[in-house]
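Architecture and fold: a report
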Amino acid sequence: MKKLFILFSMLLACLPLCAQRVTVVSDECPLAGRDVAGYFPQLSPDGNLLLYSPTEATSLTLLNLKTGDEKIIASEGVPGFDARFGRDGNVYYVTMHPQPGNLIYRAGRCYDPAKEKTDEVLAPQHGQVLAIPTGKSAAMVGEKESFNFDKGTVAFTHGSYLYVVKNGKVKRLQPVKDSVGYLWAQVSPKGDKVVFKAVAKVLYVVDLDGNILSRMGYYMMPSWLDNDYLVAMNGTDGVQKRLGQQIYLLRADGTFEYPLTDPELSAVQPMAAAGKVVFTTGKGEVHIMKIEIDN
C-alpha cells in the first residue's frame, strides 16, 4: 500500500509536465536568399522588424519583415553586440570609442525607425554600458552616467551583484552568494520577477527583493516569452559541444522544459518578442519561430 501511495504521488507530480503540449506553428528564415549571415538577432516589440549584425558585430542592419526593406543603421564603434529594441520600438545600442592609454569609452545611441534618425542619448564614458528595455522605452545604464534610469523597472548585473531598479530606487542583491558572478538579467513582462544566470551554475528566477522563486538547468541567454515562460540556449559543457546547441522553452517556475530545436541545427542567441522566438545558428541562419503552448 505504501508503494502504491508513493507511485501515485509521483504521477501527480508529473501532471503539470505531461499536461503541457508545445507546437511549432511556423519556422521562417527571413534572410534566406539574401546571401548574408545574421547574428545577435532582435525582434521589435510588434514583431515587424528584425535587427541583426555580422559575426564581428561591426554594423547593425534593420530588416522590415513586412516589406522586405533593409537598411544599415550603424556601422561605427562595433554597435552589434549590445543592441536592443526599446518598448517604444526604437533601437538602443552601444558604440565603443578607443581613447589614449588603451582605454575604451562607450556611448549610448538611439535610432528611431519611423524618423530614420539617430541620437546620442549617453555621452562616451569609461566602463560598462548596457541597453535595457524598460517600461515604455529603454534605459542605457553606465557605471558613471545613465539614461532613463528612473523610469520603469530595470535589472542588470555587474560582477557578483544583481541590481534591480524600480522607479529610480536601486537594490544591490546577491541571491546566489557562492557564485563568482551573474549574467543576462531580465525583468519579466509584468515587472514582478527577474531571471539571471549565475556563473558556472543554473538559471534563477527571483522576486524584486532577490528571493529565489525557482531554479532551472544549465542554460544561457534567457529571454521572457511571456510572464510564465522563457526561452534560452543550453549550456556548453562536453555533452552540448558534442551534440550541438539547442533552444529550449522553459517554464519560469522550473517545472517544465522543452527543446524547440534539434541539436544538429546548432541554434544560439535566442530572443523572444511579440509571442515569437528569434535565434540564429552557427552558420548565421536567422530563424523566427512561432509556437503554441497548450496547458
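Described in the following lines is the structure provided in the data block.

How each quantity is defined
Residues numbered from 1 in each chain as written. Predicted model: local features only at pLDDT ≥ 70, side-chain atom pairs only at ≥ 80, totals over all residues. Heavy atoms only, no water. Helix = DSSP H or I, 4+ residues; strand = E, 2+ residues; numbered from the N terminus. Polar contact = N/O pair within 3.5 Å; in protein donor to acceptor, adjacent residues only side chain to side chain. Contact = heavy atoms within 4.5 Å. Phe/Tyr/Trp six-rings, centres within 6.5 Å; stacked < 30°, edge-to-face > 60°. Buried < 20%, exposed > 50% of the residue type's maximum accessible area, 1.4 Å probe, protein only. Lys NZ or Arg CZ within 6 Å of the ring centre and 35° of its normal. Pairing = 2+ DSSP bridges. Axes fitted to C-alpha atoms, helices over the stretch in contact; angles between N-to-C directions. Salt bridge = Lys/Arg side-chain N within 4 Å of Asp/Glu carboxyl O.

1. Brief notes about the side chain of Thr95
Looking at where Thr95 falls in the secondary structure, it is placed in strand S7 (residues 91-99). Engagement of the side chain of Thr95 in a polar contact is seen with the side chain of His97, the distance being 2.8 Å. Other than its neighbours up to four places away in sequence, Thr95 contacts Glu76, Gly77, Pro79, Tyr105, Arg106, Ala107 and Arg109.

2. Remarks on the packing of aromatic side chains
Applying the stated criterion across every chain yields a total of eight aromatic pairs. Judged by centre distance (5.3 Å) and plane angle (75 degrees), the ring pair of Phe40 and Phe81 falls under edge-to-face. One end of the pair, Phe40, is in strand S2 (residues 39-43); the other, Phe81, is in the loop between strand S5 (70-74) and strand S6 (84-85), with 41 residues separating them in the sequence. Among the residues examined, Phe81 registers a relative accessible area of 40% and is labelled partly exposed. Cluster of aromatic residues (ring-pair linked, three or more members): Phe149, Phe156, Tyr161 and Tyr163. One residue, Arg172, lies across the ring of Tyr161, its end atom 4.0 Å from the ring centre. In this structure, Lys197 packs its charged tip against the face of Tyr218, placed 3.5 Å from the ring centre.

3. Considering the sheet that holds S2
Either a parallel or an antiparallel arrangement is found when strands of a sheet pair, and the pairing is made through backbone hydrogen bonds. One open sheet accounts for four strands, arranged S2-S3-S4-S5; its pairing is antiparallel. Every interior strand has two partners, whereas the edge strands, S2 and S5, have only one. In this sheet, neighbouring strand axes are inclined to one another by 25 degrees on average, regardless of whether the strands run parallel or antiparallel. Across three bridges, S2 lies against strand S3 (residues 49-53) in antiparallel orientation. Residue pairing in the sheet places Leu43 in a bridge with Leu50 of S3.

4. Topic: the pattern of salt bridges
By the definition in use, this model includes seven salt bridges. A salt bridge links Glu70 to Arg34; the shortest N-O distance between them is 3.5 Å. Of this pair, Glu70 sits in strand S5 while Arg34 is found in the loop between strand S1 (21-28) and S2, placing the two residues 36 residues apart along the sequence. Take Glu70: its relative accessible area is 38%, and that puts it in the partly exposed class. Residue Asp253 is joined to Arg251 by a salt bridge in which the shortest nitrogen-to-oxygen separation is 3.0 Å. Residue classification places Asp253 among the partly exposed residues on the basis of a relative accessible area of 41%. Looking at Arg251, the relative accessible area reads 22%, which means it is partly exposed.

5. As for the environment of Ala185
With respect to the helices, strands and loops of the structure, Ala185 is situated in strand S15 (residues 182-187). Contact partners of Ala185, with chain neighbours within four places excluded, come to Ala155, Phe156, Thr157, Leu162, Val194, Val195 and Phe196.

6. Topic: unusual backbone geometry
In this structure, Asp35 is a non-glycine residue whose phi angle is positive, near 55 degrees. Among the residues examined, Asp35 registers a relative accessible area of 79% and is labelled exposed. A positive phi angle, near 55 degrees, is found at Glu116, a position not held by glycine. Mapping Glu116 onto the fold places it in the loop between strand S8 (103-112) and strand S9 (117-126). Given a relative accessible area of 52%, Glu116 falls into the exposed group.

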